[in-house]
Amino acid sequence: MSDSGPRKLEYEAPFTMGVDSGSLTGKAVIMDAGKRIVAHNVVQLDFVSQKAVRAAMENTLASAGLEQKDIACIVSTGYGRRRLDIADKSITEITCHARGANYLYAEARMVIDIGGQDSKVIGLDADGNARNFAMNDRCAAGTGQFLEVMARALGVELEQIGALALESKKQLTISSLCTVFAETEVISLVAEGNDVRDILAGIHESIARRITGLVGRVGLLTPAIMTGGVAKNIGMVRALEKVLRITMFVPAEPQIVGAIGAALFAQDYAQAVS
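Note that the coordinates shown come from a computational prediction; the quantities given were computed from them, not determined experimentally.

Caption draft 1: Structural view of the packing of helix α3 (residues 93-104) against helix α9 (residues 257-273). As a packed pair, α3 and α9 sit with axes 7 Å apart at the nearest point and diverge in direction by 90°. The pairing of α3 with α9 is recorded here as roughly perpendicular in orientation. For the pair α3 and α9, the contacting residues are T95, C96, H97, R99, G100, A101, Y103 and L104 in the first and V257, G258, I260, G261, A262, L264, F265 and D268 in the second. Here the residues of the contact of α3 with α9 are counted per class, giving nine nonpolar, five polar and two charged.

Next comes the structure, spelled out in structure tokens:
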């Protein structure tokens, strides 16, 4: 699509942007007055980086055929939300994830979000507001980083581990919750001749057990939606469904849910002052 503005004709102003400055990814979403998603983009980071976050914003603008001057309001969320000086407002990630989850799946009453550096469970009310939440942001266990460390230890591509875990034929238990000790345990299992697929299944189940602790603090609620980059891992989705004995909805792009929520709040602000 060219920059001549066909998107501007198709969608209705005011346009707003939600930006989620995460620990390892920058996400941006542009929304129109009808609260329709015009464009979105995800940029992988090595750490919280304003340069990469701005790249996600620029990519989203280019995809929409818009310029920054066309954006009526920008709301930021996530780890680096207060560092984005171009944003008009910043809102906590819990609030934005709840709003974005409700937008994608209005019936949802629980959000399980597993990102690169933290994991969280959010209980939702009927209006999509966060009524309570529990978060693990002090330990790598139960996060995407934990999976990355385990994948490296096993010499398997991160993108393959979920599918391989589903091929497991033997149940193995990874008892260590600490990433360092779990890695040592995994190496020992390899040395004992265990199948990598069985080890991977055990790793996914250990994370699922960790998440159930957060669920217990919030209270198991259904229907549930899974968000965050780890939601792209089918093995993790199935492990959680097995341990929690529920079926979860996974959005087509689970990493932009917080940015969607931020864009929705930006629409509220833009329309309130118009």
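Read on, since the account is not over.
Caption draft 2: Summary view of the packing of helix α4 (residues 144-154) against helix α7 (residues 196-218). Direction vectors running N to C along α4 and α7 enclose 165°, while the axes themselves pass 11 Å from each other. The pairing of α4 with α7 is recorded here as roughly antiparallel in orientation. The two elements α4 and α7 meet at a crossing, and its hand is right-handed. Note on element contacts: α7 touches α4 through V196, I199, L200, I203, H204, S206 and I207, opposite F146, L147, M150 and L154. Here the contact of α4 with α7 is composed, by residue class, of nine nonpolar, two polar and no charged.

Caption draft 3: Just α7, in detail. Spanning 23 residues, α7 covers 34 Å between terminal C-alpha atoms, matching the ideal 33 Å at 1.5 Å per step. One side-chain oxygen of the residue at the start of α7 lies 2.7 Å from the amide nitrogen of R197, identifying that residue as D195. Where α7 ends, the next residue or the one after it, G219, has phi of about 105°, a positive value.

Caption draft 4: Structural detail: the sheet that holds strand β3 (residues 37-44). On the basis of which strands lie adjacent, the open sheet formed by five strands has the order β3-β2-β1-β4-β5 and mixed pairing. One side of each edge strand has no neighbouring strand; the edge strands of this open sheet are β3 and β5 (89-90). Relative to strand β4 (residues 71-77), strand β1 (residues 15-21) is paired through six bridges, and the arrangement is parallel. In the sheet register, V19 faces β4, and the bridge partner there is S76. Most of the contacts of helix α2 (residues 50-64) go to β3, to which it runs at about 150°, and overall it touches β1, β2 (25-31), β3 and β4. Sheet contacts for α9: β1, β2, β3, β4 and β5; angle to β1, the most-contacted strand, approximately 140°.

Caption draft 5: Up close: the pairing of strand β6 (residues 110-114). Taking burial as the measure, the five residues of β6 include five buried ones, the bulk of the element. Neither face of β6 is left uncovered, since the one carrying M110, I112 and I114 and the one carrying V111 and D113 both have all their residues buried.

Caption draft 6: Main features of the side chain of Q267. Structurally, the position occupied by Q267 is in helix α9. Looking at Q267, its side chain comes within polar contact range of the main-chain oxygen of D32, at 3.2 Å.

Caption draft 7: Representation of the sheet that holds strand β9 (residues 224-227) in the model. Strand order in the open sheet formed by five strands is β8-β7-β6-β9-β10, with mixed pairing between adjacent strands. This sheet does not close on itself; its edge strands, each paired only once, are β8 (130-136) and β10 (248-249). As paired strands, β6 and β9 are joined by four bridges and run parallel to one another. Across the sheet, residue I112 finds its bridge partner in β9, namely M226.

Scoring rules and cut-offs
Residue indices follow the written sequence of each chain, beginning from 1 at its first position. With pLDDT at 70 or above as the cut-off, local features in this predicted model cover only qualifying residues; side-chain atom pairs require 80 or more to be listed or tallied, and sums for whole chains, interfaces and linings still use all residues. Derived side-chain values reflect all non-hydrogen atoms in the structure, with water molecules and hydrogen atoms excluded from consideration. Think of each axis as a best-fit line through the C-alpha atoms, taken over the contacting stretch in the case of a helix, with angles from 0 to 180 degrees between the N-to-C directions. We count a stretch as a helix when DSSP gives it H or I for four or more residues in a row; a strand needs E for two or more, and each element gets its number in order from the N terminus. Throughout, the term roughly parallel applies to angles under 35 degrees, roughly antiparallel to angles over 145, roughly perpendicular to angles from 65 to 115, and oblique to all others. Residues are treated as being in contact if the distance between any of their heavy atoms lies within 4.5 Å. Under the grouping applied here, Gly and all other residues not named as nonpolar or charged are polar, the nonpolar ones being Ala, Val, Leu, Ile, Met, Phe, Trp, Tyr, Cys and Pro and the charged ones Asp, Glu, Lys and Arg. Here a crossing is called left-handed whenever its near helix is offset anticlockwise from the far helix by less than a right angle, and right-handed whenever the offset is clockwise. By this rule, a helix spans an expected 1.5 Å times one less than how many residues it contains. Polar contact is the term for a pair of N or O atoms within 3.5 Å; when the atoms are in protein, one must be able to donate a hydrogen and the other to accept it, and sequence-neighboring residues count only if both atoms are side-chain atoms. Here, strands pair whenever DSSP counts at least two bridges between them. The buried label goes to any residue with under 20% of its type's maximum accessible area, the exposed label to any with over 50%, and the partly exposed label to all in between, with areas taken from a 1.4 Å probe on protein chains only.

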